[in-house]
Amino acid sequence: MVDLFLGRSLVCNNRDRVEYDTEREVILRLQNRILLLFFGSVDSQRCQEFIPTLKDFFKRLTDEFYVECSAQLVLLYISLDQSEEQLEILLKELPKKCLFLTHNDPYRRYGWMGLGGEEKCLFLSPMTPIAELESMFEVEDVPRVVVLRPDCSVLSPNAVSEISSLGTNCFHNWQESAELIDRNFMLNEEFDDKKMRSVEEEEAASNTR
């Protein structure tokens, strides 16, 4: 998934519009996370009706008000709007932690694609040009939420109805299927390792006195 967006500028939908455009920044934002590609347009009534559901779903998994630790989940809005003004209208309704591609980003309309295996594992390749991102994921209507594993394989080609009916429970299903490395476990393991080293250092110091 990281390779899919290297060289692109991912913008955070917060007040400062922080941009992540270096390789290191993109990797830190996307690595070992499930990615939701939300294709939408302000012109679509169904899209506008779905956004409150999507926003609530994402906030309940990532907002500190609801959870102690944010889920390993990224929401990236792929605008099919015709103008930057239309893009801004929809961004006002989306979560502040949501990422998006700018309206003039060429990758919003022009991408690269390679297919491997039955699950359509996607990667960048200069040998296989395609017209646009929506073609890459066979997006024919909106709203569309494509769910990707960290390795870029598709978990769900369209999770709109799944999110609407199951709510946050569907994330736990994706999490198991994606085989994410538990970030909390890693942090606890690192903490225990540091604590053990600290105890050993104290014992060594006391033995030298």
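Above this text sits the structure in question.
Residues numbered from 1 in each chain as written. Predicted model: local features only at pLDDT ≥ 70, side-chain atom pairs only at ≥ 80, totals over all residues. Heavy atoms only, no water.

**Some points on the side chain of Gln86**
On the secondary structure map, Gln86 appears in helix 4 (residues 84-91). Note on Gln86: relative accessible area 18%, which makes it buried. (Helix = DSSP H or I, 4+ residues; strand = E, 2+ residues; numbered from the N terminus. Buried < 20%, exposed > 50% of the residue type's maximum accessible area, 1.4 Å probe, protein only.)

**Structural notes on the layout of surface pockets**
The volume enclosed by the largest pocket comes to roughly 230 Å³. Considering the residues around the largest pocket, the lining is formed by 15 residues, among which Arg29, Arg33, Ser70, Leu73 and Lys97 are closest to the centre. Only helix 2 (23-30), helix 3 (45-62) and strand 4 (73-79) provide two or more residues apiece to the lining of the largest pocket. The element best represented in the lining of the largest pocket is strand 4, accounting for three residues. A per-class count over the lining of the largest pocket returns eight nonpolar, two polar and five charged. (1 Å grid on protein atoms, 1.4 Å probe; cavity = no way out; pocket = protein on both sides within 12 Å on 5 of 7 lines; lining within 4 Å. Points joined across faces, edges and corners; volume = space filled by probe spheres on them. Nonpolar A, V, L, I, M, F, W, Y, C, P; charged D, E, K, R; others polar.)

**So, helix 3**
Between its terminal C-alpha atoms helix 3 stretches 26 Å, which fits the 26 Å expected from 18 residues at 1.5 Å a residue. Considering bend angle alone, the principal kink of helix 3 is centred on Ile51 and spans about 30°; proline Pro52 follows within four residues of it. Looking only at helix 3, the buried set comprises Cys47, Phe50, Ile51, Leu54, Phe57, Phe58, Leu61 and Thr62. Where helix 3 is buried, its residues contact strand 3 (34-40), strand 4, helix 4, strand 8 (144-148), helix 6 (160-166) and helix 7 (169-178). Two to three positions downstream of the cap, the backbone nitrogen of Arg46 sits 3.5 Å from a side-chain oxygen, assigning the N-cap of helix 3 to Ser44. (Expected span 1.5 Å × (residues − 1). Bend = angle between axes of the 7 residues up to and from the residue. Contact = heavy atoms within 4.5 Å. Polar contact = N/O pair within 3.5 Å; in protein donor to acceptor, adjacent residues only side chain to side chain.)

Keep in mind these values describe shape, not function.
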